[in-house]
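Read off the chains here:
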Amino acid sequence: RAVRELQDSRVREAHLNRELQHRVKNTLAVVQGLATQTFRYVAGAGASLDKLQGRIRTLADANEILRHGHWEEGRLPELAVRALEPFNTRGAVALAGPECSLPEDSCVPLVLALHELATNAVKYGALSTEQGTVELTWSLSGGELQLDWQERGGPPVRTPVERGLGAKLLRPQPGLRDVRLVFDPAGVVCGLCIPGGRLLEESEGSANLPPVTLYSPDSALAGT
């Protein structure tokens, strides 16, 4: 009976998750429609509207990662680019690190963590100002992948008095061995540790080299 109840609970949870993701997808479609209607008759808004719609589509694509519950490639920098594209409206996000893969069970927790960090940066942190920037760097040592999120140039950071539901995404959990979040007045800093990472074959010789900049404000993420 306990096994049957557990199975029923999992079925209900899966159904609710599908319904939630369906509603999120519909909401994004509605937002895109509203944007089109709002700017349809605004002179000179065509290019801006196209850019906004592209960002909404990117956000919908990122949501697909969560809907499926896995990431087919499980690679950096592709996963980080996909997660952060919707937030990089002015090319202020830079990524640096060697090409590597990570375990499948770490992909969704990492995407959620990056999404939460970027959301907070847009609302309160470095991405809420024209001068602010974000750097995400990573390195691999002894089979552990270390990612470091650093915000600069934003408003002075204050430690929140209350932590919301999003704070649950920024704590150690299956797939994320360690999470260190620091509310430095100069900018939020977050360290994420993922066990089981490995360099891709073509990068095997670079294990002891400093991270290589793969994306920067002047390259793939800029202007998306």
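The structure we're discussing is the one just above.
The structure contained in this document is the topic of the report that follows. Quick caveat, the model's predicted, so the values are computed rather than measured.

This paragraph deals with the overall build of the chain. Along the chain, the regular secondary structure elements total 4 helices and 9 strands. Secondary structure of the chain in N-to-C order comes out as α-α-β-α-β-β-α-β-β-β-β-β-β. Classification of the 224 residues of the chain by burial places 37% in the buried group. Of the roughly 13,000 Å² that the chain leaves accessible, carbon and sulfur atoms contribute 53%.

This next bit is on the side chain of Gln146. Examined against the element boundaries, Gln146 turns out to sit in strand β5 (residues 144–152). Relative accessible area serves as the criterion here: at 19%, Gln146 is assigned to the buried category. Side-chain polar atoms of Gln146 contact the side chain of Asp148, separated by 3.2 Å. Excluding its chain neighbours within four sequence positions, the residues that come into contact with Gln146 are Thr137, Trp138, Ser139, Arg180, Gly191, Leu192 and Cys193.

The subject of this paragraph is the sheet that holds strand β8 (residues 198–199). Sheet architecture is open: 3 strands sit in the order β1-β3-β8, paired in antiparallel fashion. Two strands lie at the open edges of the sheet, namely β1 (75–76) and β8, each paired on one side alone. Sheet topology places strand β3 (residues 100–101) next to β8; 2 bridges connect them, and they run antiparallel. Considered in β8, the bridge of Ser101 is made with Arg198.

All right, on to empty space enclosed by the protein then. Rolled over the atoms, a probe as big as a water molecule pinpoints where empty space is left. Following the criterion strictly, the structure yields 1 cavity of 30 Å³ or more and no others. Its volume calculated, the largest cavity comes out at about 30 Å³. Forming the boundary of the largest cavity are Gly125, Ala126, Glu151, Arg152, Gly153, Gly154, Pro155, Val157, Ala186, Gly187 and Val188. The residue makeup of the lining of the largest cavity, split by class, is 5 nonpolar, 4 polar and 2 charged.

This part is about the environment of Arg90. For Arg90, the position within the fold is in the loop between α3 (78–84) and β2 (93–96). Overall, the relative accessible area of 31% leaves Arg90 in the partly exposed class. Considered as a pair, Arg90 and Glu130 are 40 residues apart in the sequence and their alpha carbons are 8.4 Å apart. Not counting residues within four places of it along the chain, the set of residues in contact with Arg90 comprises Ala126, Leu127, Thr129, Glu130, Gln131 and Gly132. Of the polar contacts made by the side chain of Arg90, one reaches the backbone oxygen of Ala126; its length is 3.5 Å.

This paragraph deals with the pairing of strand β6 (residues 178–184). Pairing of β6 with strand β7 (residues 187–195), which is carried by 7 bridges, proceeds in the antiparallel orientation. The residue bridging Val182 from the neighbouring strand is Val189, located in β7.

Calculation notes
Residues numbered from 1 in each chain as written. Predicted model: local features only at pLDDT ≥ 70, side-chain atom pairs only at ≥ 80, totals over all residues. Heavy atoms only, no water. Helix = DSSP H or I, 4+ residues; strand = E, 2+ residues; numbered from the N terminus. Buried < 20%, exposed > 50% of the residue type's maximum accessible area, 1.4 Å probe, protein only. Areas by Shrake-Rupley, 256 points an atom, 1.4 Å probe, with all protein chains shown as cover. Polar contact = N/O pair within 3.5 Å; in protein donor to acceptor, adjacent residues only side chain to side chain. Contact = heavy atoms within 4.5 Å. Pairing = 2+ DSSP bridges. 1 Å grid on protein atoms, 1.4 Å probe; cavity = no way out; pocket = protein on both sides within 12 Å on 5 of 7 lines; lining within 4 Å. Points joined across faces, edges and corners; volume = space filled by probe spheres on them. Nonpolar A, V, L, I, M, F, W, Y, C, P; charged D, E, K, R; others polar.

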